[in-house]
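Chain by chain, the residues run as shown.
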Amino acid sequence: MKPILVTGATGYIGGRLVPRLLEAGYRVRCLVRDRERLCGRPWLNEVEVAEGDVLDPGSLAAALQDVSAAYFLIHGMQGGLTTAARDVQAARAFTAATEQARLDRIVYLGELANPSARLSPYLASRRDTGTVLRNGRVPLTEFRAGMVVGSGSALFEMIRYVAERQPLFICPRWWFVQAQPIAIRDVLSYLVSALEVPASRDRTIEIGGATRLTYAEMLQGYARQRGLKRFLIPVPVYAPRLSAYWVHMVTPIHWRVVRPLIEGLHAGSLPQAEAARELFPQIEPLDFATALHLALGRVQSDEIETSWTDALVVSQGDSRPVTLTVSEGMMIEARRLVMDLPPDPVFRAYTGLGGERGWLYMNWTWEIRGWIDKLVGGVGLRRGRRHPDEIRPGESLDFWRVEAVEAGRRLRLRAEMKVPGKAWLEFQSIPQPEDKTLLTQTAYFAARGLAGFLYWYLLYPIHGFIFSGMIRKIAEQARRLAAIE
């Protein structure tokens, strides 16, 4: 059996599609820019991994060798014309490579939008990406979906955080535009089933859930399930940018992720689902209340499979993770502590940082830093963590990105808050003689220009105080964990 190629396997949809394809009996190959970002996925040893980039013809050709079909799940949500142009460029490169490889099928998940509406750069690029793929010689199955409801999805997290935190809302017009959100499990069912339905070749298929409702009704539906009372005050303005910034400040969702959701509502996101019913009669989409109930259950049991934060949507762009080296210009601040403990409880202590548990020492300073980052357009602190104890490369941890994890030994975080340079925080638990462990905590900073040097030296006394306290608290947490084993 020839493999199926999945691009975007580190993202929200792709990360859930891969195990569904494996369950259906397919061989799967994942195209990723860095293999480490798949570490920790339970299915990693069951797939082939091709390192490469859709904009690199050589690596793309190698990834497509002997492949029968491919899923194109790559797109940026940074906003603006530059990202939109790059998305279309990626689609052109992918189309050319799949033609050369003579694939049987491309499956693409696009976005619902009224073609007569004035589209944002993001929605226009999603439409144009589909056009580029459709105009190639390889048959295309294009699904178009609006809002996706699932544990960890941007829509669900936006509704959850807004509804949980505020009793009263000033509601712009976009709150009262109808949409037809679709459950993540239904999206995955369509994507997998497409390979088994020959009639879906060269078709554009709009998909949605069983319920049409407004964003206001979605929020009230969540509130009912949680036993909350929420009050809405309509105002006759649209205000997409202001609304996106407001959500950015009160939730973990970055405004660049929120704005496409709002723009999708404004552009009209009601599917014409006749083709979906004709081609996939076995799929009966869930209603919104059921999809919401399932997502809540996943969150409450800490079983979030993937999150919107898995994709590299950050204030610093989607740069490839950097391998740390000690070189001229790299500022390094290291702390060490020898402990009478084995490495495992020490490792669990520092990999449990962040999220609801916080950073163990002077948490209020971390909260202030997160709010400052929000105010200047950064990601802020409230992204939290996917799971209270498990951690894997590529996922977000408050305003950090997990860059590397070595079980029992090391955790490296890359800063995604706005800083004048690049910053990392690394923890290690190194075995020592007599069943002891050397705990190291190292901050790295590569300054960018004069602003970077001023940032480092002005904040050095504060950072020194906080990091000294944090390593002591990590040691205390490790002793507590060891005591209850």
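Use the structure listed above.
The following paragraphs examine the structure supplied in this document. Because the structure is predicted, anything quoted here is derived from the model rather than measured.

Along any regular strand, the residues point their side chains to alternate faces of the sheet. Taken across its 7 residues, strand β16 (residues 400-406) has 5 buried, putting it largely inside the fold. In the sheet, strand β15 (residues 396-397) pairs with β16 via 2 bridges, with the strands oriented antiparallel. Of the residues in β16, the one forming a bridge with Leu397 is Trp400. What sits between the antiparallel neighbours β15 and β16 is a turn of 2 residues, in which Asp398 has the positive phi angle 55°. Both β16 and strand β17 (residues 410-415) contribute to a ladder of 6 bridges, which runs antiparallel. Residue pairing across strands places Glu406 opposite Arg410, the latter belonging to β17. Between the end of β16 and the start of β17, which pair antiparallel, lie 3 residues, with Gly408 showing a positive phi angle near 75°.

As for its placement among the helices and strands, Gly15 is situated in helix α1 (residues 12-23). Sequence separation between Gly15 and Arg212 is 197 residues; the distance between their C-alpha atoms is 27 Å. Look past the residues within four positions of Gly15 in its chain and what remains in contact with it is Gly8, Ala9, Arg41, Trp43, Glu305 and Thr306.

Moving on, we come to the side chain of Thr98. Summarising the element assignment, Thr98 is placed in helix α3 (residues 80-101). Ignoring sequence-local partners within four residues, the contact set of Thr98 consists of Leu64, Leu103, Ile106 and Val138.

Bringing the sheet that holds strand β1 (residues 4-7) into the picture now. Strand order in the open sheet formed by 7 strands is β3-β2-β1-β4-β5-β6-β11, and the pairing between neighbours is parallel. Each edge of the open sheet carries a strand with a single partner, namely β3 (48-51) and β11 (203-207). Sheet twist, expressed as the mean angle between neighbouring strand axes with direction ignored, is 20°. The pairing of strand β5 (residues 105-111) with strand β6 (residues 140-145) spans 6 bridges and is parallel. When the bridges of β6 are listed, Leu109 appears paired with Phe143. Set on the sheet, α1 makes contact with β1, β2 (28-32), β4 (69-72) and β5; between it and β1 the angle comes to about 165°. Contacting β4, β5, β6 and β11, helix α6 (residues 184-193) crosses the sheet at an angle of about 155° to β5.

Grouped together as the largest cluster of nonpolar side chains are 42 residues, with contacts concentrated most on Leu21, Tyr71 and Phe143. With residues up to four places along the chain from it excluded, the contact list for Leu21 reads Ile4, Val6, Tyr26, Val28, Tyr71, Val192 and Leu195.

This part covers the packing of helix α13 (residues 363-375) against helix α14 (residues 449-483). Two elements in contact, α13 and α14, have axes separated by 11 Å at closest approach and are oriented at 140°. Across from Thr365, Trp366 and Arg369 in α13, the residues of α14 making contact are Tyr455, Ile466, Phe467 and Met470. Its residues assigned to classes, the contact of α13 with α14 shows 5 nonpolar, 1 polar and 1 charged.

With that out of the way, let us pick up the pattern of salt bridges. In total, this model carries 26 salt bridges according to the counting rule given. Residues Asp373 and Arg369 are paired through a salt bridge, measuring 4.0 Å at the closest nitrogen-oxygen approach. Here Asp373 and its partner Arg369 are both found in helix α13, 4 residues apart, which amounts to about one turn of the helix. The two residues Asp373 and Arg369 agree in class, both being buried. Where salt bridges share partners, they join Arg401, Glu403, Glu406, Arg410, Arg412, Arg414, Glu416 and Glu426 into one cluster.

What counts as what
- Residues numbered from 1 in each chain as written.
- Predicted model: local features only at pLDDT ≥ 70, side-chain atom pairs only at ≥ 80, totals over all residues.
- Heavy atoms only, no water.
- Buried < 20%, exposed > 50% of the residue type's maximum accessible area, 1.4 Å probe, protein only.
- Helix = DSSP H or I, 4+ residues; strand = E, 2+ residues; numbered from the N terminus.
- Pairing = 2+ DSSP bridges.
- Contact = heavy atoms within 4.5 Å.
- Axes fitted to C-alpha atoms, helices over the stretch in contact; angles between N-to-C directions.
- Core = buried A, V, L, I, M, F, W, Y, C linked by side-chain atoms within 4.5 Å.
- Nonpolar A, V, L, I, M, F, W, Y, C, P; charged D, E, K, R; others polar.
- Salt bridge = Lys/Arg side-chain N within 4 Å of Asp/Glu carboxyl O.

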